[in-house]
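Now for the letters of each chain:
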Amino acid sequence: MTVYIAKKITEFFIQCQVIKETDRETYEYCFQILLMNIINFGTIMLLGIVFRCVIETILFVIGFTIIRKQAGGYHSSTPIRCYLLSVANYIVFVFLLSIIPSAWAKLINLLIIALACIIIWLYAPVADKNKPFSIGEYERYKRNSRLIISLLFVFNLCAFFIKNVSMQVHMLPFDLGILFAAVSLFTSKLLNKNAPSV
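The structure displayed is predicted, hence computed values, not measured ones. Along every chain, residues carry numbers that run from 1 in the direction the sequence is written. Local features in this predicted model are restricted to residues whose pLDDT is 70 or higher, and side-chain atom pairs enter the listing and the counts only when it is 80 or higher, whereas totals over whole chains, interfaces and linings include all residues. Hydrogens and water are ignored here; the side-chain numbers use all heavy atoms of the structure.

**Student:** What is the right way to read the pattern of salt bridges from this model?
**Tutor:** Where side chains of opposite charge bring their charged atoms close, a pairing between them can arise. We define a salt bridge as a side-chain nitrogen of Lys or Arg found within 4 Å of a carboxyl oxygen belonging to Asp or Glu. One pass over the structure, following the stated rule, counts four salt bridges. As a salt-bridge pair, Glu11 and Arg24 come within 2.8 Å of each other at their nearest N and O atoms. In this pair, Glu11 is assigned in helix H1 (residues 2-15) and Arg24 in helix H2 (residues 24-50), connecting sequence segments 13 residues apart. When a residue's accessible area, from a 1.4 Å probe over protein chains only, is under 20% of the maximum for its type it is buried; when over 50% it is exposed; and in between it is partly exposed. Among the residues examined, Glu11 registers a relative accessible area of 26% and is labelled partly exposed. The salt bridge partner of Glu28 is Arg24, with a shortest N-O separation of 3.8 Å. Taken together, the residues Glu28 and Arg24, both in helix H2 and four residues apart, mark about one turn of the helix. Strands are runs of DSSP state E lasting at least 2 residues, helices are runs of H or I lasting at least 4, and numbering of each runs from the N terminus.

Below, the structure is given as structure tokens:
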């Protein structure tokens, strides 16, 4: 479905002479990715409304995206698999959020960020076989991902000593997003252990 729509959008812009015919395949791919991202995010936000955790969902997406953009991670071979995996991950997130007691949020946050920090320092960035790095990206992403996770770890460490349960509870979905991104990175590393980094 997204392939068909992407082709139609590309055709429209070609007819309007906004893009060149020679760039058709590139734009079809870009529009398909854009549409899939909109569908993924839209579905997750809709589920957030259904589960009555919109704020938590937004925090989860932000935490996940911050790390994912710099550290890389697993990429599904097809858009539909990506969509199903995204929804499955979100449902796992909601389940974890529902079973973690508020009183444990402070300790859980620190453990989560510590685990994510270890994974990212050891393995980031990871170039998945379905989305390899271009020249020069590896060192930049490595530096950026380590800097970001280190700052987030320091922030969580400082927050650990602040007696504010509400803040800890709101940090939990954000930190879970970071952990999910780190696990995605580790999964990609395991599945592509023989692949070159650059």
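The discussion continues.
**Student:** How should the packing of helix H6 (residues 137-160) against helix H7 (residues 165-191) be read in this particular structure?
**Tutor:** The description of two helices packed together rests on the angle between their axes and the distance between the axes. Put simply, H6 and H7 touch, their axes get as near as 12 Å, and they point 155 degrees apart. With respect to each other, H6 and H7 are oriented roughly antiparallel. Classified by chirality, the crossing of H7 by H6 is left-handed. Across from Ile149, Leu152, Phe155, Asn156, Ala159 and Phe160 in H6, the residues of H7 making contact are Met167, Gln168, Met171, Phe174, Asp175 and Ile178. Across the contact of H6 with H7, the residue classes tally to nine nonpolar, two polar and one charged. Orientation is described by lines fitted to C-alpha atoms, with helices fitted over the stretch in contact, and by angles between N-to-C directions that extend from 0 to 180 degrees. Orientation labels follow simple angle bins: below 35 degrees gives roughly parallel, above 145 gives roughly antiparallel, 65 to 115 gives roughly perpendicular, and whatever is left gives oblique. By convention, the crossing between two helices is left-handed when the near helix turns anticlockwise from the far helix through less than a right angle, and right-handed when the turn is clockwise. By definition in these notes, contact holds between two residues if any of their heavy atoms fall within 4.5 Å. Gly falls in the polar group here, along with every residue not listed as nonpolar (Ala, Val, Leu, Ile, Met, Phe, Trp, Tyr, Cys, Pro) or charged (Asp, Glu, Lys, Arg).

**Student:** I'm lost on the packing of aromatic side chains in this one. Help?
**Tutor:** Centre-to-centre distance and the angle between the planes together describe a pair of aromatic rings. For Phe, Tyr and Trp, where Trp contributes only its six-membered ring, two rings pair if their centres lie within 6.5 Å, and the inter-plane angle classes them as stacked under 30 degrees, edge-to-face over 60, or tilted in between. On inspection of all chains with the given rule, the structure shows 10 aromatic pairs. Pairing Phe12 with Phe13 gives two aromatic rings, centres 5.5 Å apart and planes at 70 degrees, and the pair type is edge-to-face. The class for Phe13 is partly exposed, based on a relative accessible area of 27%. Ring geometry for Tyr27 against Phe31: centres 6.3 Å apart, planes inclined by 40 degrees, an arrangement best described as tilted.

**Student:** So what exactly am I meant to see when it comes to the environment of Ile67 here?
**Tutor:** Assignment of secondary structure puts Ile67 in helix H3 (residues 54-71). For Ile67, a relative accessible area of 2% puts it in the buried group. Considering only alpha carbons, one finds Ile67 and Asp175, 108 residues apart in sequence, at a separation of 11 Å. In this view, Ile67 contacts Gly72, Ile120, Ile148, Ile149, Leu152, Ile178 and Ala181; residues no more than four positions away in its chain are not counted.

**Student:** Explanation requested: the state of the cysteines in the structure shown.
**Tutor:** Put plainly, two cysteines are in a disulfide when a covalent bond ties their sulfur atoms together. The criterion for a disulfide is a pair of cysteine sulfur atoms lying within 2.5 Å. All told, the structure shown has zero disulfides when counted by the stated rule. In this structure Cys117 is a free cysteine whose sulfur lies 14 Å from that of Cys158, the closest cysteine sulfur available. Exposure remark for Cys117: the relative accessible area of 15% places this residue in the buried category.

**Student:** What am I meant to see in H1 here?
**Tutor:** Structural remark: α-helix, 3.6 residues per turn; residues separated by three or four positions point the same way. With 14 residues, H1 ought to run about 20 Å at 1.5 Å a step, and its terminal C-alpha atoms sit 20 Å apart, in line with that. Those residues of H1 that sit buried are Thr2, Ala6, Thr10 and Ile14. Projected onto a plane normal to the axis of H1, the buried residues spread over an arc of 110 degrees and lie on a single side. Seen from the open side of H1, the exposed residues pointing more than 90 degrees away from its buried face are Tyr4 and Gln15. Residues of H1 that are buried in the fold lie against H2. Just beyond H1, the residue with positive phi is Gln17, at close to 60 degrees. Given a helix with a known number of residues, its expected span is that number minus one, times 1.5 Å. Directions pointing from the helix axis toward each C-beta atom define the arc.

**Student:** Got a minute to help me understand the environment of Leu172 in this structure?
**Tutor:** Relative to the assigned elements, Leu172 resides in helix H7. Judged by relative accessible area, Leu172 falls into the buried class, the value being 4%. Filtering out sequence-adjacent residues up to four positions away, Leu172 remains in contact with Leu97, Ile100, Ile108, Asn109 and Ile112.

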